[in-house]
Amino acid sequence: MASSLRLLFGQIRRPIVATNQTARCLSQAATQPEPSSDENEAVNPTFVNRNPRNLEQLALAVKDRGWKTIWPHREFYHRLEFSRSQHHVTAHVFSSSSPDPVLSCSTTEWALKQELASTRCVAACQAVGEVLARRCQQAGITRMVYRAIPWAYRSDAVQSFRAAMKEGGITLSEPRRKYIGT
């Protein structure tokens with residue numbers, strides 16, 4: 001029985017050695033079907049976009065440009081507005097599609113007011129920035145436009161507010177809109 005097995009294995013190996021070909025050379029690659037352009041462009045008719053901000057995050061959504069003479073410019077997805085009055089500090093985040101604020105934070109809120117010695121100082125501006133940054137992160141808004149009034153930009157309060165927003169993970173600029181060739 002052992003001699004018959006040796007003879008069998010010897011017959012199997014002989015043709016490969018005799019022709020100097022390896023098993024790799026004898027194998028053939030499977031043929032790949034060519035992709036059809038119709039399959040790639042087919043759209044599922046029941047597709048529902050569950051993330052309405054998807055195009056916005058890809059910088060493909062339309063930004064309302066408005067008039068060139070309007071200030072502040074309207075070309076944004078989200079805009080941050082920071083204001084200080086005689087008694088309080090307030091910050092709002094506006095969407096381009098609505099005149100009402102999406103998120104807001106102010107020193108008039110009791111939870112924030114009880115932690116502060118003054119509702120108008122630099123520490124209050126920093127606290128409003130930290131709380132608003134946290135709320136923006138929870139809402140999924142990580143990029144927004146912030147254009148401070150040029151003569152108010154240099155104040156310590158505005159600088160501490162901006163620093164608190166940046167430390168909270170908020171980018172205070174938006175990507176330029178990408179235009180797809182049509």
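Keep in mind it's a predicted model, so treat the numbers as computed, not measured. (Residues numbered from 1 in each chain as written. Predicted model: local features only at pLDDT ≥ 70, side-chain atom pairs only at ≥ 80, totals over all residues. Heavy atoms only, no water.)

Draft legend 1. Region of interest: the overall build of the chain. Secondary structure assignment for the chain yields 7 helices and 3 strands. Summarising the internal contacts of the chain: among those between residues at least 6 apart in sequence, 57% fall at separations of at least 24. (Helix = DSSP H or I, 4+ residues; strand = E, 2+ residues; numbered from the N terminus. Contact = heavy atoms within 4.5 Å.)

Draft legend 2. Local environment of the confidence of the model for the chain. Put simply, the chain has an average pLDDT of 78, and 68% of its residues get 70 or more. Averaged pLDDT values for the elements of the chain fall to 53 in helix H1 (residues 2–18) and rise to 95 in helix H6 (residues 122–139). Between residues 14–18, whose pLDDT stays under 50, and residues either more than four places distant or in other chains, the model counts 1 contact. (pLDDT = per-residue confidence, 0-100.)

Draft legend 3. Seen up close, H6. When the terminal C-alpha atoms of H6 are compared, their 26 Å separation across 18 residues agrees well with the 26 Å that a helix rising 1.5 Å per residue should span. Three or more residues of H6 are buried, namely Ala-124, Cys-125, Ala-127, Val-128, Gly-129, Leu-132, Ala-133 and Cys-136. Lining the buried residues of H6 we find strand E1 (78–84), strand E2 (89–95), strand E3 (101–106), helix H5 (110–113) and helix H7 (156–167). Backbone geometry just after H6 places Gly-140 at a positive phi near 85°. (Expected span 1.5 Å × (residues − 1). Buried < 20%, exposed > 50% of the residue type's maximum accessible area, 1.4 Å probe, protein only.)

Draft legend 4. Region of the structure containing the sheet that holds E3. Read across the open sheet, the 3 strands follow the order E1-E2-E3; overall the sheet is antiparallel. In this open sheet, the two strands that pair with only one neighbour each are E1 and E3. Taken pair by pair, the neighbouring strands of this sheet meet at an average axis angle of 15°, ignoring direction. Alignment of E1 against E2, held across 7 bridges, turns out to be antiparallel. Within the sheet, the bridge partner assigned to His-78 lies in E2 and is Ser-95. Lying over the sheet, H7 contacts E1 and E2, oriented at roughly 145° with respect to E1. (Pairing = 2+ DSSP bridges. Axes fitted to C-alpha atoms, helices over the stretch in contact; angles between N-to-C directions.)

Draft legend 5. Layout of the nonpolar core. Counting 25 residues, the largest nonpolar core has Leu-80, Phe-82, Leu-132, Met-144, Phe-161 and Met-165 as its most contacted members. Examining the composition of this core, we find that 7 residues originate from one element, H6, more than from any other. (Core = buried A, V, L, I, M, F, W, Y, C linked by side-chain atoms within 4.5 Å.)

Draft legend 6. Local environment of the side chain of Arg-162. Mapped onto the elements, Arg-162 comes out in helix H7. There is no salt bridge for the buried Arg-162, and the closest opposite charge comes from Glu-167, which lies 12 Å off by N-O distance. When neighbours within four sequence positions are excluded, Arg-162 is seen to be in contact with Tyr-146, Tyr-153 and Leu-172. (Lys, Arg positive; Asp, Glu negative; His and termini not counted. Salt bridge = Lys/Arg side-chain N within 4 Å of Asp/Glu carboxyl O.)

Draft legend 7. View of the environment of Gly-140. Here Gly-140 is to be found in the loop between H6 and H7. Residues Gly-140 and Arg-53, 87 residues apart in the sequence, show an inter-C-alpha distance of 9.6 Å. Setting aside chain neighbours within four positions, we find Gly-140 in contact with Arg-53 and Gln-57.

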